[in-house]
Every structure is written in C-alpha cells, then in structure tokens.
Amino acid sequence: MDDLSKRLSRKNMKFTENLHWGIYFKKRWENAFAHHLLQEEKERIFLIGDHYFSGYLWHLFSYKMIPHLSQIKAEETFNSLKKTECYIFYEHFPEVFDVEDANSLKAEDLLEEEDIYIVDKNFTWTYVVTHEESCGPYFTIKLLEEMMKQ
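Here is a short report on the structure shown in this document. Keep in mind that what you see is a predicted model, and the values were worked out from it rather than measured.

**Re the overall build of the protein chain**
Helix and strand content of the protein chain: six helices and seven strands. The linear arrangement of helices and strands in the protein chain, starting from the amino end, is α-β-α-α-α-β-α-β-β-β-β-β-α. Looking at the protein chain as a whole, 47% of its 150 residues qualify as buried. Of all intrachain contacts in the protein chain linking residues separated by at least 6 positions in sequence, the fraction that spans at least 24 positions is 63%. Entry remark: accessible area of the protein chain is about 8,500 Å², with carbon and sulfur atoms responsible for 52%.

Pasting the structure below:
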C-alpha cells in the first residue's frame, strides 16, 4: 500500500487515503457487480463464506458469473479507458484510495499489487488484479453486462 501511495504521488495524482472504508467498498462492489447472484451462488463460488479460500470478490470472474475481459484485453481496455475519479481498494486491507484524476493510472502501475480493485465513482466499471498468476487481471463494465443479455 505504501508503494501504491508512492507510485500515485510520482505520477502527480491527487488522492486521499481513507483508512477504514474497505468493508463498505467491498460490499458496495458486491452489490454493483454480483447483485444478480443468490446467496447460495455466492457461497458456491466462494465469493463469501468462511471456507479457506472464500471471500474473494474476483471469484465472480474466475467462475465466469459475469461477462468480462481478462489478461491482456483487460489491461488494454483499462489503459485506454478515460478515467476520472476512481476508488482503489484491497480485498484484505481496510484502506481505500479516492483518486481525483485517474486518467494516468495504468495497468503497469498495479503489477506489484494483489487482490486490488479499481472502480469508477459510480461503480459502473471495475479492473481487478488478483494474487493468482493464472487468474486475471479482469475488467468489466456494466454496458458489457447489458450487451450480453441481449
């Protein structure tokens, strides 16, 4: 996290670090991107629960429960996205970064991170970097979800 703060600062990005908002943002992310799943489905894919590998929001992607891009396509899409204010939070830490102008934030800036979530202010898109080499990064946008339904 300290490294991320330094990387954001080196890029002259203005941000505020909020020390105790992580739980709120994880729940808000779940409500935004996994709202279509029943409680039992969330437990089955280990999105929630008390099993050893439970509690990873990014299981929504690895279990293919939502339309998404992964790996290079996810990185390219994230890099080309016009990013204004966004939030950055972690799966296992309570800190949340509120970044005012995130347009210069790129996938390369997050290579050292694990289980990190980047979302726009309205939770319409998300970019996720996991701790698993074979999983992710992932990207989805609500528009993609709507297009897949048609």
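Still more ground to cover, so stick around.
**As for helix α5 (residues 71-80)**
Listed in full, the buried residues belonging to α5 are A74, F78 and N79. Seen end-on, α5 carries its buried residues on one side only, within an arc spanning 125°. Away from its buried face, by an angle of more than 90 degrees, α5 presents the exposed residues I72, K73 and S80.

**Section: the packing of aromatic side chains**
Within the structure shown, the criterion is met by 18 aromatic pairs. On the numbers, 6.1 Å between centres and 25° between planes, the contact of W125 with F139 is stacked. Within this pair, whereas W125 is found in strand β6 (residues 125-129), its partner F139 is found in strand β7 (residues 138-141), the two being separated by 14 residues in sequence. When its relative accessible area of 6% is taken as the criterion, W125 is described as buried. Residue class for F139 comes out buried when judged on its relative accessible area of 3%. Ring pairs connect the aromatic residues W21, Y24, F25, W29, F33, F61, Y87, F89, Y117, F123 and Y138, which therefore count as one cluster. A cation over an aromatic ring shows up here: K83 above the ring of F78, its NZ or CZ 4.4 Å from the ring centre. Positioned above the aromatic ring of F33, the side-chain terminus of K142 is 5.5 Å from the ring centre.

What counts and what doesn't
Residues numbered from 1 in each chain as written. Predicted model: local features only at pLDDT ≥ 70, side-chain atom pairs only at ≥ 80, totals over all residues. Heavy atoms only, no water. Helix = DSSP H or I, 4+ residues; strand = E, 2+ residues; numbered from the N terminus. Buried < 20%, exposed > 50% of the residue type's maximum accessible area, 1.4 Å probe, protein only. Contact = heavy atoms within 4.5 Å. Areas by Shrake-Rupley, 256 points an atom, 1.4 Å probe, with all protein chains shown as cover. Arc of directions from axis to C-beta. Phe/Tyr/Trp six-rings, centres within 6.5 Å; stacked < 30°, edge-to-face > 60°. Lys NZ or Arg CZ within 6 Å of the ring centre and 35° of its normal.

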